[in-house]
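Structure at a glance
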Amino acid sequence: MYDGRAITPDIRGIGLASGKLMTLFLTASSTAGSAAAAQAKYEYNLDETLSTFIFVTIFLLGQVLGTILFPPWSESFGRKKMYVFSSGLSAICCMIIGLVHPISAIIVMRIVAGLLSAIPYTIIGGTIEDMFNAHARIWAMFYWTIASNIGLILGPIMSSYIIADLDWRWNFYIFAIIIGVLTGGLCLIRESRPSLLLAREVEHLRTITDMQSIPPSLNHDHIPSLNGFVRDSLMRPAQFFFQEPIIFTVSMMISVVMSLIYIFTESLQPIFQAMGVSETHASLIFIAIGLGTILSTFTRFLDSYILNHLRRQGRQIKPEHKLAGLVIGSPFLAIGLWWFAWTIPQNVHTSWIVPAFSLVLVGYGLTELDTALYGYISDSYLSYSASASAAIAFMRALVSGVVPLFTKQMFSGLGNNLAMTVLAGVATVFCIVPPVFFFYGERIRQASKFARYSWEIQEEMGKDEDDW
């Protein structure tokens, strides 16, 4: 059985590096929209909320649509062309946004850019599952999560300095140039989808041997007809969200947790400006979140230690064995948010350093939840991981797109301390999930049609995760 993992290491490295960088800058372009909205509203005489809707929310609503359409398509028809297609057109969209003046054209391009951003953002999980075994997926998924989260953090910093020195249109010119260059790197990758690779191998074998009776049943994950794709694959993420308890729970957790970044793009700079920090320097506070993200590297070593220990004991590696990040990260996130909520100073004479340190814990918790939960989905649903991730990305993009519309009203109405307390309370409730998944996750997976089928196929193919 050809499983798609026999891809040379150099090609695998080029593909993942390009995909990670593309994810980084596409996510950066989403959070960069907040700073662009703050300046563009004067040019177009827009209300602040409407400007945020056009430059931030519309992008993420386009991403919502993309998460429905593209991941199932990649599972059925391959991934490489979609990476190249999305990156090339994204660069064009950014350039057009910078060049045109009608607000209607900007709205259309922002929607299209968001639609395209869903491609590398959601199908990378499927690509990682195509290429790596359970142990290697720890680091591969972590690198992707780091790229995504650093992109979210980098966006406000880049845009603040670009707009301060130039103007908001240069924000999109620079992103267009960067993404355009990365498109060239993506042209060097190879297809990774096992079903498509196997179909090509079978067709090649038929050509060179003149044998026409090779059975398609060799491929359990065959390429469907277009009607079958529309009927089954296109609706699969919706099935996952409404019928799979794991997907529903993870979707709600990740969507709320990762929307914190978009809440911070609207609230952090004003909070620190009130402490006497300049507008551009206030954007640098996102570095504290980035530092917490990088500290998550140490938890990946813990994951590797746990898996090596299980391997030495001859025990089967299960998805629940890689939930250490969730167990540790959930309380760290809650503690960080409580700390930040009640150390935000009320006047300029109080140092900004104490609340800034709490954001390191928040960054660590965000990254751990993102990494552990996406990794858990990838390991649980295997060949269906792209569609499973799409269901999560749908809710994540939807919630992230909506929260900036009321963030400033929330913080001005409740006050900084109480508004952050609400967020800390929600993070505290999420601390219930890790023990539930750790002790009952396997039982829940066995009750899932898709998760159970994925693991049955793995056993049928006789794969030992250590040998992949």
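In this text, all values refer to a predicted model and were calculated from it rather than measured experimentally.

Definitions and cut-offs
Residues numbered from 1 in each chain as written. Predicted model: local features only at pLDDT ≥ 70, side-chain atom pairs only at ≥ 80, totals over all residues. Heavy atoms only, no water. 1 Å grid on protein atoms, 1.4 Å probe; cavity = no way out; pocket = protein on both sides within 12 Å on 5 of 7 lines; lining within 4 Å. Points joined across faces, edges and corners; volume = space filled by probe spheres on them. Helix = DSSP H or I, 4+ residues; strand = E, 2+ residues; numbered from the N terminus. Domains from an automatic or database assignment. Buried < 20%, exposed > 50% of the residue type's maximum accessible area, 1.4 Å probe, protein only. Phe/Tyr/Trp six-rings, centres within 6.5 Å; stacked < 30°, edge-to-face > 60°. Axes fitted to C-alpha atoms, helices over the stretch in contact; angles between N-to-C directions. Left-handed = near helix turned anticlockwise from the far one by under 90°. Contact = heavy atoms within 4.5 Å. Nonpolar A, V, L, I, M, F, W, Y, C, P; charged D, E, K, R; others polar. pLDDT = per-residue confidence, 0-100. Expected span 1.5 Å × (residues − 1). Salt bridge = Lys/Arg side-chain N within 4 Å of Asp/Glu carboxyl O. Core = buried A, V, L, I, M, F, W, Y, C linked by side-chain atoms within 4.5 Å. Arc of directions from axis to C-beta.

Quick look at the layout of surface pockets now. To locate leftover empty space, one rolls a probe as large as a water molecule over the atoms. The computed volume of the largest pocket comes to approximately 470 Å³. Lining the largest pocket we find 24 residues, and of these Ser34, Ala35, Ala38, Gln269 and Glu279 sit closest to its centre. Of all elements in the fold, only helix H1 (9-44), helix H2 (48-77), helix H5 (134-165), helix H10 (245-273) and helix H11 (279-283) reach the threshold of two or more residues within the lining of the largest pocket. Ranked by the residues each element gives to the lining of the largest pocket, the list is headed by H1, at eight residues. Counting only domains with at least three residues in the lining of the largest pocket, you end up with domain 1 (11-192) and domain 2 (235-459).

Here the phi dihedral of Asn45 falls at roughly 55 degrees; this positive angle occurs in a residue that is not glycine. Assignment of secondary structure puts Asn45 in the loop between H1 and H2. Using a relative accessible area of 71% as the deciding quantity, one classes Asn45 as exposed.

Moving on: the packing of aromatic side chains. Geometry of an aromatic ring pair is reported as the spacing of the ring centres plus the angle between the planes. The final tally for this structure, using the stated rule, is 12 aromatic pairs. One aromatic cluster is present, formed by Tyr44, Phe55, Trp168 and Phe172 through successive ring pairs.

As a further point, take the packing of H10 against helix H17 (residues 404-414). Interhelical geometry of H10 versus H17 gives an angle of 35 degrees and a closest axis separation of 8 Å. Two packed elements cross with a definite hand, and for H10 against H17 that hand is right-handed. On H17, the residues touching Tyr262, Ile263, Glu266, Ser267 and Ile271 of H10 are Pro404, Thr407, Lys408 and Phe411. Counted by class, the contact of H10 with H17 contains five nonpolar, two polar and two charged residues.

Turning our attention to the packing of helix H13 (residues 297-312) against helix H14 (residues 324-341). One way to put it is that H13 packs onto H14 with a least axis distance of 9 Å and a crossing angle of 145 degrees. The way H13 lies across H14 gives a crossing that is right-handed. The segment H13 lies against H14, with Thr299, Arg300, Leu302, Asp303 and Ile306 engaging Ala324, Gly325 and Ile328.

To continue, consider the confidence of the model for the protein chain. Scored by pLDDT, the protein chain comes out at a mean of 79, with 76% of its residues at no less than 70. Per-element confidence in the protein chain ranges from a low mean pLDDT of 62 for helix H8 (residues 226-233) to a high of 94 for H14. Overall, residues 1-12 carries pLDDT values under 50, and its contacts beyond four positions in sequence, including any with other chains, amount to 30 contacts. Counting contacts from residues 462-468, a segment whose pLDDT is below 50, to residues more than four positions away or on other chains yields 17 contacts.

In this model, helix H6 (residues 168-186) (19 residues) spans 28 Å end to end at C-alpha, consistent with the 27 Å of a helix rising 1.5 Å per residue. What H6 keeps buried is the set Trp168, Arg169, Asn171, Phe172, Tyr173, Phe175, Ala176, Ile179, Leu182, Thr183 and Leu186.

Moving on, we come to the pattern of salt bridges. Evaluated as defined, the whole model comprises nine salt bridges. Across the pair Glu48 and Lys408 runs a salt bridge, and its minimum N-O distance is 2.3 Å. Of this pair, Glu48 sits in helix H2 while Lys408 sits in helix H17, and the two are 360 residues apart along the sequence. Given a relative accessible area of 33%, Glu48 falls into the partly exposed group. One salt bridge in this structure joins Lys322 and Asp379, with 2.4 Å as the shortest N-O distance. Taken together, the residues Lys322 in the loop between H13 and H14 and Asp379 in helix H15 (residues 353-381) connect sequence positions 57 residues apart. Each member of the pair, Lys322 as well as Asp379, carries the same accessibility label: buried. Overlapping salt bridges bring together Glu48, Glu266 and Lys408 as one network.

Our next topic: the nonpolar core. Nonpolar side chains in soluble globular proteins tend to end up buried together. Among the nonpolar cores identified, the biggest contains 107 residues, and Trp168, Phe264, Phe272, Leu359 and Tyr381 are the most heavily contacted of them. When residues of this core are assigned to domains, at least three fall in each of domain 1 (11-192) and domain 2 (235-459). Those residues in contact with Phe272, other than ones at most four positions away along the chain, are Val277, Ala282, Ile285, Phe340, Trp352, Pro355, Ala356 and Leu359.

Okay, helix H3 (residues 80-99) next. With 20 residues, H3 ought to run about 28 Å at 1.5 Å a step, and its terminal C-alpha atoms sit 29 Å apart, in line with that. Considered for burial, the residues of H3 that qualify are Met82, Tyr83, Ser86, Ser87, Ser90, Ala91, Cys93, Cys94, Ile97 and Gly98. Relative to the axis of H3, the buried residues are bounded by an arc of 160 degrees and lie together on one face. Projecting away from the buried face of H3 at angles above 90 degrees are the exposed residues Lys81 and Leu99.

Attention now moves to the side chain of Ser90. Inspection of the secondary structure assignment puts Ser90 in helix H3. Residues in contact with Ser90, not counting those within four places in the same chain, are Leu26, Leu116 and Ile179.

Mapped onto the secondary structure, Gly290 falls in helix H12 (residues 286-295). On the basis of relative accessibility, which here comes to 9%, the residue Gly290 falls in the buried class. Spatially, the C-alpha atom of Gly290 lies 7.9 Å from that of Asn149, the residues being 141 residues apart in sequence.

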